[in-house]
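# Summary of the model geometry
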Amino acid sequence: MHRRGVGAGAIAKKKLAEAKYKERGTVLAEDQLAQMSKQLDMFKTNLEEFASKHKQEIRKNPEFRVQFQDMCATIGVDPLASGKGFWSEMLGVGDFYYELGVQIIEVCLALKHRNGGLITLEELHQQVLKGRGKFAQDVSQDDLIRAIKKLKALGTGFGIIPVGGTYLIQSVPAELNMDHTVVLQLAEKNGYVTVSEIKACLKWETERARQVLEHLLKEGLAWLDLQAPGEAHYWLPALFTDLYSQEITAEEARETLP
Amino acid sequence: MAIPLSQIVFIEEQAAGIGKSAKIVVHLHTAPPNKEPGPFQSSKNSYIKLSFKEHGQIEFYRRLSEEMTQRRWENVPVSQSLQTNRGPQPGRIRAVGIVGIERKLEEKRKETDKNISEAFEDLSKLMIKAKEMVELSKSIANKIKDKQGDITEDETIRFKSYLLSMGIANPVTRETYGSGTQYHMQLARQLAGILQVPLEERGGIMSLTEVYCLVNRARGMELLSPEDLVNACKMLEALKLPLRLRVFDSGVMVIELQSHKEEEMVASALETVSEKGSLTSEEFAKLVGMSVLLAKERLLLAEKMGHLCRDDSVEGLRFYPNLFMTQS
């Protein structure tokens, strides 16, 4: 009897303690939220001050933008996550990159029929600069890469493939695995690649090389040249340097929006 | 205080030790005779040492090495002639008037440098404060994780909007509407308004990339980030708006009018393909007036539903009516 009383009492006590603990937990979170709200306001003021002094620096100086982005990444902050974020609103970084995103999409769409949806970072850079006109802010390759990384969220297969010291930008959802990527990298040197070259450099079987090249042909990323001396050449229009100087025609521009 | 990069011969790192800080040793050319006066008239050493009390040496060394590799000062022959001690260059004639221009360029560069280093300093201070915010948000997120159900919906919403302002990824996995906040709900409603007519003009369906371009071009400023758009679209269905987000197997994301039935469009696609015998995505797109991306998705869906079958060759991907189904 006595024991049961103690047991019941102990359980009741425990329950009370738990309830108090939970309540305290909620109160603690509420306190911290209030604290965060206050600190946010203070941070907003600091950011405003920074913006009033250095907003121009961000706009004009690509190097500074890189520093800024790297620092943000280090502390775990993404200044480009939302147009509603403080960084966007006060420093204007958002608009800069989001607009760049639009320009990148448009260039890639306009040139897709030429290169199958694969373009070097250099050519993309040139075309974007042309589109922006003489009086627009300078845009660096680093800026393009960051804008493209953000575009990936739209789910339409934007990819960044490292080749020979630069990058190929993929703008269509073509399936490209490691094998395809490696062959693209090999092709970067001359703008084309052959089965023998692949076998010699990568030590692959003929069949594996053929499959990769066929896939690139199917996806429209490579063109077959049967008239080349020796064996068939597989050309990658994305790597044609001659195309860099060609303007986007009015018809191509119209193609971008059906 | 500044030294032109062109004066540097070689740089090396000296690791930190007990009682001494990390250093970068910068070996220099002998000073040119027309060097501007500095803190010392002369030195018996041909190098300077930069001491890094806390940190920064790695980054500094990396950047300095990059500059030494790029040697950008060699691209500007005008200012070159004043600063370096390379001796007379064949073919470089120094006209008198250039000296004044060089001085001005130098002054402008110094001022820009000063502005930049001030900007960097201010930026570093700002980042320290930002880091505090990140730490605080982590601690709150942990509390929320532990106390599942004890944090009110309101508090979660508040917290999410704080994270959005700072650009901190949402670590709390309990999601009702994705990373949606009040802002995204508002945005979703706006989108429903903006996109109704464009969607009708385009056969009831648009890729998210098209939507992104359309909406941002229309806004002109205060643009949406790609993530803003996606997060808003994820809420369309829940908010019972007349549009919805759809993700195809390929990962392509589209916005459809609720009234749009892609599966029904497939029937008409089959008719079109049958009329022509066979079609590629590009041909179909041109005929119907759609983007190639969406044309392909429709044909793939038709294939998935068994109405079309494919002929995949190096000539491209071509779709035929599936006679196995209809003629057996």
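Under an unreviewed UniProt entry, the name given to chain B is Vacuolar protein-sorting-associated protein 36, and the organism recorded is Daubentonia madagascariensis. In its Sequence similarities (unreviewed entry) section, the UniProt entry covering chain B states "Belongs to the VPS36 family."

With an unreviewed UniProt entry as reference, chain A is termed Vacuolar-sorting protein SNF8, source organism Daubentonia madagascariensis. Turning to chain A, the UniProt annotation filed under Subcellular location (unreviewed entry) states: "Cytoplasm". Comment text from UniProt for chain A, heading Function (unreviewed entry), reads "Component of the endosomal sorting complex required for transport II (ESCRT-II), which is required for multivesicular body (MVB) formation and sorting of endosomal cargo proteins into MVBs."

### Topic: the overall build of chain B
Check the secondary structure of chain B and you find 11 helices and 9 strands. Partitioning the contacts of chain B with sequence separation of at least 6, the portion at a separation of at least 24 is 49%.

### Here's the deal with the overall build of chain A
When helices and strands are counted, chain A shows 10 helices and 6 strands. Of the roughly 13300 Å² that chain A leaves accessible, carbon and sulfur atoms contribute 53%.

### Here we look at the environment of Leu216(A)
Residues and elements named next belong to chain A. Relative to the helices and strands, Leu216 resides in helix 9 (residues 206–218). A relative accessible area of 1% places Leu216 in the buried class. Considered as a pair, Leu216 and Trp235 are 19 residues apart in the sequence and their alpha carbons are 9.9 Å apart.

### Quick notes on the interface of chain A and chain B
Taken together, the contacts link 63 residues of chain A with 66 residues of chain B. Around 6000 Å² of area is buried between chain A and chain B when both sides are counted, 66% of it from carbon and sulfur atoms. The interface formed by chain A and chain B holds 6 salt bridges in total. The interface formed by chain A and chain B includes 14 residue pairs in polar contact (both at pLDDT 80 or more). Secondary-structure elements contributing two or more residues to the side of chain A that touches chain B are helix 1 (2–60), helix 2 (62–75), helix 3 (86–91), helix 4 (93–115), helix 6 (141–151) and helix 9 of chain A. Per-element tally for the side of chain A that touches chain B: the top contributor is helix 1 of chain A, with 22 residues. Tallied by class, residues from the side of chain A that touches chain B come to 30 nonpolar, 18 polar and 15 charged.

### Things to note about the sheet that holds strand 2 (residues 22–28) of chain B
Residue and element names in this part refer to chain B. Here we have 3 strands laid out as an open sheet, ordered 1-2-3, and antiparallel in their pairing. Each edge of the open sheet is held by one strand with a lone partner, namely strand 1 (8–14) and strand 3 (47–52). The mean inter-strand angle of the sheet, taken between neighbouring strand axes irrespective of direction, is 20°. Judged from the 6 bridges that link them, strand 1 and strand 2 form a sheet pairing that is antiparallel. Considered in strand 2, the bridge of Glu13 is made with Ile24. Sheet strands touched by helix 1 (residues 57–70): strand 1, strand 2 and strand 3. Its angle to strand 1, the strand with the most contacts, is close to 155°.

### Considering unusual backbone geometry
Even without being a glycine, Lys203(A) presents a positive backbone phi close to 60°. Mapped onto the secondary structure, Lys203(A) falls in the loop between helix 8 (195–202) and helix 9. Lys203(A) sits in the exposed class, given a relative accessible area of 67%. Phi at Lys240(B) is positive, roughly 60°, even though this residue is not glycine. Considering the arrangement of structural elements, one finds Lys240(B) in the loop between helix 7 (226–234) and strand 5 (243–247).

### Considering the packing of aromatic side chains
All names here are of chain A. Enumeration according to the criterion identifies 6 aromatic pairs over all chains in this entry. Centroid distance Phe96 to Tyr97: 5.0 Å. Interplanar angle 85°. Geometry classified as edge-to-face. Residue classification places Phe96 among the buried residues on the basis of a relative accessible area of 9%. Considering the side-chain rings of Tyr192 and Trp235, the 4.8 Å spacing of their centres and the 50° angle between planes classify their relative orientation as tilted. Linking Tyr192 in strand 4 (residues 192–193) with Trp235 in strand 6 (residues 233–235), this pair joins segments that are 43 residues apart in sequence. Put simply, the rings of Phe43, Phe68 and Trp87 touch in pairs and so form one group of aromatic residues.

### Here's the deal with helix 8 of chain A
Residue and element names in this part refer to chain A. Three or more residues of helix 8 are buried, namely Val195, Glu197 and Ile198. Buried residues along helix 8 cover an arc of 160° about the axis, so they all sit on one side. Downstream of helix 8 by one or two residues, Lys203 has phi in the positive range, about 60°.

### Brief notes about the packing of helix 3 (residues 97–146) of chain B against helix 4 (residues 153–166) of chain B
Residues and elements named next belong to chain B. Between helix 3 and helix 4, the shortest axis-to-axis distance is 11 Å and the interhelical angle comes to 155°. In this view, helix 3 runs roughly antiparallel relative to helix 4, as classed from their interaxial angle. Judged by the sense of rotation from one axis to the other, the crossing of helix 3 with helix 4 is left-handed. Residues Ala130, Met133, Ser137, Ile140, Ala141 and Ile144 of helix 3 lie in contact with helix 4, whose contacting residues are Phe159, Leu163 and Met166. A breakdown of the residues in the contact of helix 3 with helix 4 according to their chemical character gives 8 nonpolar, 1 polar and no charged.

### Considering the confidence of the model for chain B
Residue and element names in this part refer to chain B. Looking at chain B as a whole, the pLDDT averages 82, with 88% of positions reaching at least 70. In this model, residues 78–95 is a region of pLDDT below 50 whose contacts with residues beyond four sequence positions or in other chains number 29 contacts. For this predicted complex, the interface confidence score (ipTM) comes to 0.79, while the overall pTM stands at 0.71.

### Here we look at the sheet that holds strand 4 (residues 205–207) of chain B
Residues and elements named next belong to chain B. Here we have 3 strands laid out as an open sheet, ordered 4-6-5, and antiparallel in their pairing. Edge positions in the sheet fall to strand 4 and strand 5, since each of these pairs with one other strand and no more. For this sheet, the mean angle separating the axes of adjacent strands, direction not counted, is 25°. On the sheet, helix 6 (residues 208–219) packs against strand 4, strand 5 and strand 6 (253–257) and is oriented at approximately 85° with respect to strand 4.

### Observations regarding the pattern of salt bridges
Overall, the coordinates contain 28 salt bridges over all chains when judged by the stated rule. Lys53(A) serves as the salt-bridge partner of Glu118(B), at 3.7 Å between the closest nitrogen and oxygen. One end of the pair, Glu118(B), is in helix 3; the other, Lys53(A), is in helix 1, on a second chain. Look at Glu118(B) and you get partly exposed, because its relative accessible area is 34%. Residue classification places Lys53(A) among the partly exposed residues on the basis of a relative accessible area of 46%. Two residues, Arg217(B) and Glu106(A), come together in a salt bridge whose shortest N-O distance is 2.9 Å. Residue Arg217(B) is found in helix 6, and its partner Glu106(A) is found in helix 4; the two belong to separate chains.

Reading the values: the criteria
- By convention here, each chain's residues receive numbers from 1 onward along its written sequence.
- Each chain gets a letter, beginning with A, and each ligand a number, beginning with 1, in the order they are written.
- Where local features are concerned, this predicted model is filtered to residues with pLDDT of at least 70; where side-chain atom pairs are given and counted, the filter is 80 or more; whole-chain, interface and lining totals use all residues.
- Neither water nor hydrogens contribute to the side-chain values; these are computed over all heavy atoms in the structure.
- UniProt positions are given in the numbering used here, feature names are shortened, and annotations may be inferred rather than shown by experiment.
- Helix and strand definitions here come from DSSP, where helices need a minimum of 4 consecutive H or I residues and strands a minimum of 2 consecutive E residues; each element is numbered from the N-terminal end.
- We call two residues in contact when some of their heavy atoms are within 4.5 Å.
- In short, Shrake-Rupley with a 1.4 Å probe defines the accessible areas, and a residue's cover is counted only from the protein chains shown.
- Working definition: with a 1.4 Å probe on protein chains only, accessible area under 20% of the residue-type maximum means buried, over 50% means exposed, and in between means partly exposed.
- Values labelled buried area give the accessible surface lost by two parts on being combined, using a 1.4 Å probe and summing over both.
- In the sections that follow, a salt bridge refers to a side-chain nitrogen of Lys or Arg positioned within 4 Å of a carboxyl oxygen of Asp or Glu.
- Under this definition, polar contacts are N or O atom pairs within 3.5 Å; protein pairs additionally need one hydrogen-donor-capable and one acceptor-capable atom, and for neighbouring residues in sequence, both atoms have to be side-chain atoms.
- Any residue that is not Ala, Val, Leu, Ile, Met, Phe, Trp, Tyr, Cys, Pro, Asp, Glu, Lys or Arg is counted as polar, Gly included; the first ten are nonpolar and the last four charged.
- A pair of strands counts as paired when DSSP detects no fewer than two bridges linking them.
- Interaxial angle, 0 to 180 degrees, is taken between N-to-C directions of lines fitted to C-alpha atoms, where a helix line uses only the stretch in contact.
- Each Phe, Tyr or Trp ring (for Trp, its six-membered ring) is paired with any other whose centre lies within 6.5 Å, and the angle between the two planes then decides the class: stacked below 30 degrees, edge-to-face above 60, tilted in between.
- Starting at the helix axis, one direction is taken to each C-beta atom, and the arc is that of these directions.
- By the definition adopted for this analysis, an angle is roughly parallel if under 35 degrees, roughly antiparallel if over 145, roughly perpendicular if from 65 to 115, and oblique otherwise.
- In this scheme the crossing of two helices becomes right-handed for a clockwise turn of the near helix relative to the far one and left-handed for an anticlockwise turn of less than a right angle.
- Each residue gets a pLDDT score, which is the predictor's confidence in that residue and runs from 0 to 100.

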